[in-house]
Amino acid sequence: MLILGIETSCDETSAAVLDGMMPRSNVVLSQHEHGVYGGVVPELASRAHIRTVIPVIEQALREAEIHLREIEAIAVTNRPGLVGSLIVGVNAAKGIALASDKPLIGVNHLEGHIFSNLIEHEIEVPFLCLLVSGGHTELLLVRQLGEYETLGRTLDDAAGEAFDKVAKLLGLLPAEGVVMGGRLISDRAADGDALAFTFPRALQRQEDRLDFSFSGLKTAVLNQVNSLKAAGSSALADRVADIAASFQVAVVDALVTKTVRAVELTGVRTVTLAGGVAANRLLRSCLQEAVENLGAACYIPSPVLCTDNAAMIAAAGQHHLELGERDGYDLDAFPRALL
Ligand code: KG4
Ligand code: ZN
């Protein structure tokens, strides 16, 4: 099946053509307008999507060397996300579906992240999925595709949100450009000592609980930053890399420990990783090693399929289309949604 996927739930405009599970194209345009504000501004995001959604779709078709008439269906993220941004993608998808008389399917963005694992790997159910993005941190049991049980989730900040807030605290966000705090932390951490500071790993002693919490960690970093600032003008600058490295290892440790525990508690022998934070090099290598040490299999998508992209939306959409599901032109956008 040739599917056009469209994703506009946050600050990436993306369109992809998926041929079976093979991406023929996967165009991702990250918005640069938010850097100066230190975070994504919803109104600016939706206006930028309006400008870019059609050119990005055209580019995806061009790169795939596919004409719109050859597309068999259109899949679009319609939940959860910034509602003004979602509406832009949903309306573009509806317009194309109506004009070309193709079926339309709305996709849950979180399910899209789970499906990013199935693009490059053949994975049998049941499997576990550690889904770590800017808005969500969940440990899921995928019994069947479409049947998801949440084993644990964050009680406060999402892992990506913690990366973004700490990047801001450390003054790493660029005055202009794409706001991707996690990537900035990971780059600075490469020059730092991960043992320089001991930051807290919440809920670590509650071994039968698979939830996460990152707000205490964030506060610990804030306190450290404040005491270094009080110590003199260059004290913080000298330790930024060490703080970044020590913070990163605390997040990774919390994520890996609970995932290992989930394998032990459920007996499920396959682990997958998904969401923007899954692009983190340290998380990828530590999770892989820890899961393989248990004798279980670990699958991790390529970094471009971890951060928001439309190929994963087309993949999830394809699954629902194959089950005969369709949405009408009354398809709506929702800021919140469960899996
Ligand atoms: O899945 P995603 O692209 O968007 C949401 O659905 O939220 O995830 C974005 C999040 C951001 O918080 C970003 O800082 C984080 O993923 N991220 C990373 C890395 N690349 C992106 N976090 C840690 N290390 C990275 N290399
Ligand atoms: Zn996402």
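Residues numbered from 1 in each chain as written. Chains lettered and ligands numbered in written order. Predicted model: local features only at pLDDT ≥ 70, side-chain atom pairs only at ≥ 80, totals over all residues. Heavy atoms only, no water.

This part takes up the packing of aromatic side chains. Tallied over the full model, the rule gives 3 aromatic pairs. Judged by centre distance (6.3 Å) and plane angle (10°), the ring pair of Phe 212 and Phe 214 falls under stacked. Considered together, Phe 212 and Phe 214 belong to a single accessibility category, that of buried residues. (Phe/Tyr/Trp six-rings, centres within 6.5 Å; stacked < 30°, edge-to-face > 60°. Buried < 20%, exposed > 50% of the residue type's maximum accessible area, 1.4 Å probe, protein only.)

Before going further, it helps to spend a moment on the sheet that holds strand β6 (residues 127-132). Spatially, β8-β7-β6-β9-β10 is the arrangement adopted by the 5 strands of the open sheet, whose pairing is mixed. Both edges of this open sheet fall to β8 (147-153) and β10 (297-299), since each of them pairs with a single strand only. On average, each strand axis in the sheet is tilted by 25° relative to the strand beside it, whichever way the strands run. Taken together, the 6 bridges between β6 and strand β7 (residues 137-144) define a ladder with antiparallel strand orientation. Its bridge partner being in β7, Leu 128 is matched across the sheet by Leu 141. (Pairing = 2+ DSSP bridges. Helix = DSSP H or I, 4+ residues; strand = E, 2+ residues; numbered from the N terminus. Axes fitted to C-alpha atoms, helices over the stretch in contact; angles between N-to-C directions.)

Quick look at the coordination of the zinc ion (ligand 2) now. A metal bound by six donors in octahedral fashion has ideal angles of 90 or 180 degrees, whereas one bound by four tetrahedral donors has an ideal angle of 109.5 degrees. Protein-derived ligands of the zinc ion (ligand 2) are His 109 (NE2), His 113 (NE2) and Asp 308 (OD), with the metal-ligand distances lying across 2.0 to 2.1 Å. For the zinc ion (ligand 2), the donor residues sit on a single chain with the sequence spacing H-x3-H-x194-D. With His 113 in helix α3 (residues 109-120) and Asp 308 in the loop between α9 (303-306) and α10 (310-322), this residue pair connects regions lying 195 residues apart in the sequence. In this structure Asp 308 comes out as buried when scored by relative accessible area, which is 14%. (Donors = N, O, S within 2.8 Å, 3.2 Å for Na, K, Ca; no water.)

With that settled, consider the domain arrangement of the chain. Along its sequence, the chain is organised into domain 1 (2-113 + 306-322) and domain 2 (125-303). On a C-alpha basis, the centroid separation for the pair domain 1 and domain 2 is 27 Å. Across the boundary between the two partners, domain 1 contributes 18 residues, which contact 24 residues of domain 2. Summing both partners gives a buried area of about 1500 Å² for domain 1 against domain 2, and 63% of it is carried by carbon and sulfur. Here domain 1 is connected to domain 2 by 5 residue pairs in polar contact (both at pLDDT 80 or more). Per-element tally for the side of domain 1 that touches domain 2: the top contributor is α3, with 3 residues. Taken together, the residues of the side of domain 1 that touches domain 2 break down into 5 nonpolar, 10 polar and 3 charged. (Domains from an automatic or database assignment. Contact = heavy atoms within 4.5 Å. Buried area = accessible area lost by both parts, 1.4 Å probe. Polar contact = N/O pair within 3.5 Å; in protein donor to acceptor, adjacent residues only side chain to side chain. Nonpolar A, V, L, I, M, F, W, Y, C, P; charged D, E, K, R; others polar.)

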